[in-house]
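# Examining the three-dimensional arrangement
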Amino acid sequence: MLVKHSSSTVLRRQQFLVRTLCGSRTHLPKLIRATMSSKSEAADAESVLRTVTPSLDPKRHKGQAGKIAVIGGCREYTGAPYFAAISALKIGADLSHVFCTKDAAPVIKSYSPELIVHPVLEESYTISQFSEEEKRKVEDKVIGEVDKWMERFDCLVIGPGLGRDPFLLECVSKIMLLAKKSNVPFVVDGDGLFLVTNSIDLVKSYPLAVLTPNVNEYKRLVQKVLNCEVDEENAGDQLRSLAKQIGGVTILRKGKTDLISNGEIVKSVSIYGSPRRCGGQGDILSGGVAVFLSWAQQLKSDPERNFSPSESPAILGCIAASGLLRKAAALAFTKHKRSTLTSDIIECLGESLEDICPAS
Ligand SMILES: NC(=O)C1=CN([C@@H]2O[C@H](COP(=O)(O)OP(=O)(O)OC[C@H]3O[C@@H](n4cnc5c(N)ncnc54)[C@H](OP(=O)(O)O)[C@@H]3O)[C@@H](O)[C@H]2O)[C@@H](O)CC1
Ligand SMILES: Nc1ncnc2c1ncn2[C@@H]1O[C@H](COP(=O)(O)OP(=O)(O)OP(=O)(O)O)[C@@H](O)[C@H]1O
Ligand SMILES: [Mg+2]
């Protein structure tokens, strides 16, 4: 469990959120509000960051600031799950796990002793000689290994560096079902989106699912779900329709401006980040969404709070993560210019958050 806040803190935050997320729109006539709602509304990401980031309380024990698990990492990709998992820790989670294939595990462990790495996923080539029954046993074992941890996690990140092996993806679809059964929120990114685009029912109508597509992943989702092409002219409305069509999941469409919708509202974050487009920045984002969503979820569990759809933990988590990533990318770029890499941005997460929410 995450830290609880005093009722006065909660009240202040509630008033603050109403101002931040609704602003003067609450006083506008209905017709004007309806017109505005067809477009995206710029989110005040720094205010949301201040609202959801818990204070550092010496009474808290290990785990209360968040336990995140990344499901990803295979023969090809070891960087992506590492970026997502280490970003979660650098932002402030207490524990970060990675569930990956046996090949990827020693590599990911060698990047950092901070991560708890489970070498449990299997790809088809390791079981190619097995009978159908033996394959089913392997699948049960994989699911069992994740299931024994599931209830402890505050959020999963499914997909960074997962690869597209059919057997592995079949196991991951069962992991998604387990997460839903235990009401554990999850962020779907990278190859997790490849899986979900081909099996939308895996996430449909699960309010604790967040999808974080990049330009390609978004295009595939729109084609599959809305049966049309991406419409840049009406980007906000199209994103809202997509999220609604998938039963109100939250979607963060990454790009020059990050657009976020849960089928009801559309928010945008366009704080200046970095002109470097090196790979891995989306992985930082997915780890960040998981942490901020967990923190916002904790605020929501306070009985004195009355969350409106516009302040759902998933929406707040997306706004906060997008704002922080962009701020850290800007800072890393001032230091490293053309040589800015994803690891440099990760090193700037702490300083960027400190600037907005000082630790003491
Ligand atoms: N270090 C690691 O381990 C990392 C591993 N990663 C993992 O890799 C897996 C696959 O994810 P992905 O993002 O590479 O696949 P996808 O989205 O299909 O893009 C493929 C190609 O699409 C193009 N393209 C991209 N943007 C475009 C644009 N704006 N407009 C137009 N075209 C655009 C561009 O191709 P180009 O034609 O330029 O060569 C690009 O190369 C996934 O598991 C992910 O987590 C990454 O997280 C990175 C760090
Ligand atoms: N054209 C852009 N200008 C400014 N920022 C951008 C631009 N495109 C993406 N970003 C920022 O980079 C973040 C990652 O988006 P990107 O499209 O690179 O994801 P991705 O392709 O999934 O990354 P990864 O390489 O980790 O898979 C976004 O949240 C956004 O803040
Ligand atoms: Mg990506």
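It should be noted that the structure appears before, not after, this text.
This write-up is about the structure you can find in this document. (Residues numbered from 1 in each chain as written. Chains lettered and ligands numbered in written order. Predicted model: local features only at pLDDT ≥ 70, side-chain atom pairs only at ≥ 80, totals over all residues. Heavy atoms only, no water.)

Right, let's talk about the sheet that holds strand E2 (residues 67-71) for a bit. Reading across from one edge, E1-E10-E9-E8-E7-E6-E5-E2-E3-E4 is the order of the ten strands in this open sheet, with mixed pairing throughout. Bordering the open sheet on either side are strand E1 (41-42) and strand E4 (116-121), each of which pairs with just one other strand. In terms of strand pairing, strand E6 (residues 186-188) meets strand E7 (residues 209-211) through three bridges, oriented parallel. For Val188, the partnering residue across the bridge sits in E7 and is Leu211. Sheet contacts for helix H5 (residues 104-111): strand E3 (95-101) and E4; angle to E3, the most-contacted strand, approximately 150 degrees. Here helix H10 (residues 235-245) sits on the sheet in contact with strand E8 (250-253), strand E9 (258-261) and strand E10 (266-269), set at roughly 40 degrees to E9. (Pairing = 2+ DSSP bridges. Helix = DSSP H or I, 4+ residues; strand = E, 2+ residues; numbered from the N terminus. Contact = heavy atoms within 4.5 Å. Axes fitted to C-alpha atoms, helices over the stretch in contact; angles between N-to-C directions.)

The environment of ligand 1 is made up of 16 residues, and the closest members are Gly161, Asp191, Asn214, Asn216 and Asp283. In this structure, Ala80 approaches ligand 1 through a main-chain N or O atom, which is 3.1 Å from an oxygen atom. Between ligand 1 and Asn214, the relevant distance is 2.8 Å, taken from an oxygen atom to a side-chain nitrogen or oxygen of the residue. Out of a free accessible area of 920 Å², ligand 1 has 47% covered by protein chains. Mapped onto the shell around ligand 1, the elements with two or more residues apiece are helix H4 (79-91) and helix H9 (215-225). Top element by residues in the shell around ligand 1 is H9. It accounts for four residues. (Near = heavy atom within 4 Å. Polar contact = N/O pair within 3.5 Å; in protein donor to acceptor, adjacent residues only side chain to side chain. Areas by Shrake-Rupley, 256 points an atom, 1.4 Å probe, with all protein chains shown as cover.)

What follows is about the site of ligand 2. Around ligand 2 there are 14 residues in total, and Asn214, Lys254, Asp258, Gly280 and Gly282 lie nearest to it. Within the side chain of Arg277, an N or O atom sits 3.2 Å from a nitrogen atom of ligand 2. Within the contact set of ligand 2, an oxygen atom lies 2.9 Å away from a backbone nitrogen or oxygen of Gly282. Burial of ligand 2 by the protein chains amounts to 77% of its free accessible area of 630 Å². Residue assignment for the shell around ligand 2 shows that the elements contributing at least two residues are helix H11 (281-300) and helix H12 (313-336). Ranked by the residues each element gives to the shell around ligand 2, the list is headed by H11, at four residues. Split into classes, the residues belonging to the shell around ligand 2 amount to two nonpolar, six polar and six charged. (Nonpolar A, V, L, I, M, F, W, Y, C, P; charged D, E, K, R; others polar.)

This part is about the state of the cysteines. Per the counting criterion, the structure on display carries zero disulfides. For Cys348, which is in no disulfide, the shortest distance to another cysteine sulfur is to Cys278 and amounts to 12 Å. (Disulfide = S-S within 2.5 Å.)

This paragraph deals with the nonpolar core. If you look at the biggest cluster of nonpolar residues, it comprises 61 residues, and the most contacted ones within it are Val52, Ile68, Ile91, Leu115, Val289, Phe292 and Ile319. Residue contributions to this core peak at twelve residues, all from H12. When near neighbours in sequence (up to four residues on either side) are disregarded, Ile91 contacts Gly288, Val291, Phe292, Trp295, Leu324, Leu349 and Leu353. Val146, Val184, Ala209 and Tyr218 belong to the second-largest nonpolar core, a separate cluster that totals 50 residues. (Core = buried A, V, L, I, M, F, W, Y, C linked by side-chain atoms within 4.5 Å. Buried < 20%, exposed > 50% of the residue type's maximum accessible area, 1.4 Å probe, protein only.)

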